[in-house]
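Here is what each chain is made of, one letter per residue.
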Amino acid sequence: MVVMVLASSLPARAAGDAERGRAIAESRTQGLCVLCHALPGVPAVQAGTIGPSLAGVGARLSADDLRARLTTPERFNPQTVMPSYARSDGFARVASARRGQALLQAQQIDDVVAYLATLR
Ligand code: HEC
């Protein structure tokens, strides 16, 4: 819970690294965004269609909104299948090695927000 508050309520955090964020978003072991989203530069056969394409999302949403999408996705759709990347509890059937951990650390969320902001 502490992680969620930190990640979502401190807009003055140091800026993220967009290149690291791209790697996280495209990764099939870290961000896993491509399970559900198309991303520019990722071949369509490897991209998910459960969520909207993220092409141009940096022009549609502000950095604060992008961050909120990652930290509290249920604010936008209470039934969403998108996980909170900042929450560290409340998930079902978590492997014991990952229990109590958020999907991404605060710095990684900053990096992904910085990357998404470049998608215009
Ligand atoms: C399990 C599927 C799933 C995963 C994994 C997922 N998302 Fe999503 N995402 C969705 C869905 C579905 C939506 C549409 C809104 C809703 O229903 O929550 C969405 C919406 C969004 C939006 C808002 C897009 C818009 O145009 O309004 C952003 C930004 C976003 N996701 C970013 C990400 C990023 C970045 C990652 C990886 C760190 C990610 N998502 C991982 C399913 C997912």
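What you see is a predicted model; the values in this text were computed from it and never measured. Residue indices begin from 1 for each chain and proceed along its sequence in written order. Local features are withheld for residues below a pLDDT of 70 in this predicted model, meaning they are given only at 70 or higher, and side-chain atom pairs are given and counted only at 80 or more; totals for whole chains, interfaces and linings count all residues. Computation of side-chain values covers all heavy atoms of the structure but excludes hydrogens and water.

*Asks:* Before we move on, can you summarise the site of the ligand with the specific residues and values?
*Replies:* A molecule or strand has a residue near it when one of that residue's heavy atoms lies within 4 Å. Around the ligand there are 21 residues in total, and C33, C36, H37, T80 and M82 lie nearest to it. For the purposes of these results, a polar contact is taken to be a pair of N or O atoms within 3.5 Å, where, inside protein, one atom must be able to donate a hydrogen and its partner to accept one; residues adjacent in sequence count only when each atom of the pair is a side-chain atom. Here R60 contributes a side-chain N or O atom positioned 2.9 Å from an oxygen atom of the ligand. Within the side chain of T80, a nitrogen or oxygen atom sits 2.4 Å from an oxygen atom of the ligand. If you list the elements that add at least two residues to the shell around the ligand, you get α3 (57-60), α4 (63-71) and α5 (106-117). Put simply, DSSP H or I for four residues or longer makes a helix, DSSP E for two residues or longer makes a strand, and each gets a number counted from the N terminus.

*Asks:* Can you lay out the coordination of the iron atom of the ligand for me, pointing to particular residues and giving the numbers?
*Replies:* Put simply, a metal with four donors set out as a tetrahedron has ideal angles of 109.5 degrees, and one with six donors set out as an octahedron has ideal angles of 90 or 180 degrees. Atoms are scored as donors when they are N, O or S and lie within 2.8 Å of the metal, with 3.2 Å used for Na, K and Ca; no water is included, so coordination may look incomplete. H37 (NE2) and M82 (SD) make up the full set of protein donors to the iron atom of the ligand, lying at 2.0 to 2.2 Å. Around the iron atom of the ligand, the six donor atoms sit at angles spanning 88 to 179 degrees, and that spread fits a shape best called octahedral. Residue H37 is located in the loop between α2 (18-26) and α3, and its partner M82 is located in the loop between α4 and α5; the two are separated by 45 residues in the primary sequence. Residue classification places H37 among the buried residues on the basis of a relative accessible area of 12%. Only protein chains enter the accessibility calculation, which uses a 1.4 Å probe; a residue is then buried when its area is under 20% of its type maximum, exposed when over 50%, and partly exposed in between. Exposure remark for M82: the relative accessible area of 25% places this residue in the partly exposed category. Metal sites are grouped by the angles between bound donors: all angles between 85 and 135 degrees with four donors is tetrahedral, opposite donors over 155 degrees apart with the others between 65 and 115 is square planar for four donors and octahedral for six, and any other pattern is irregular.

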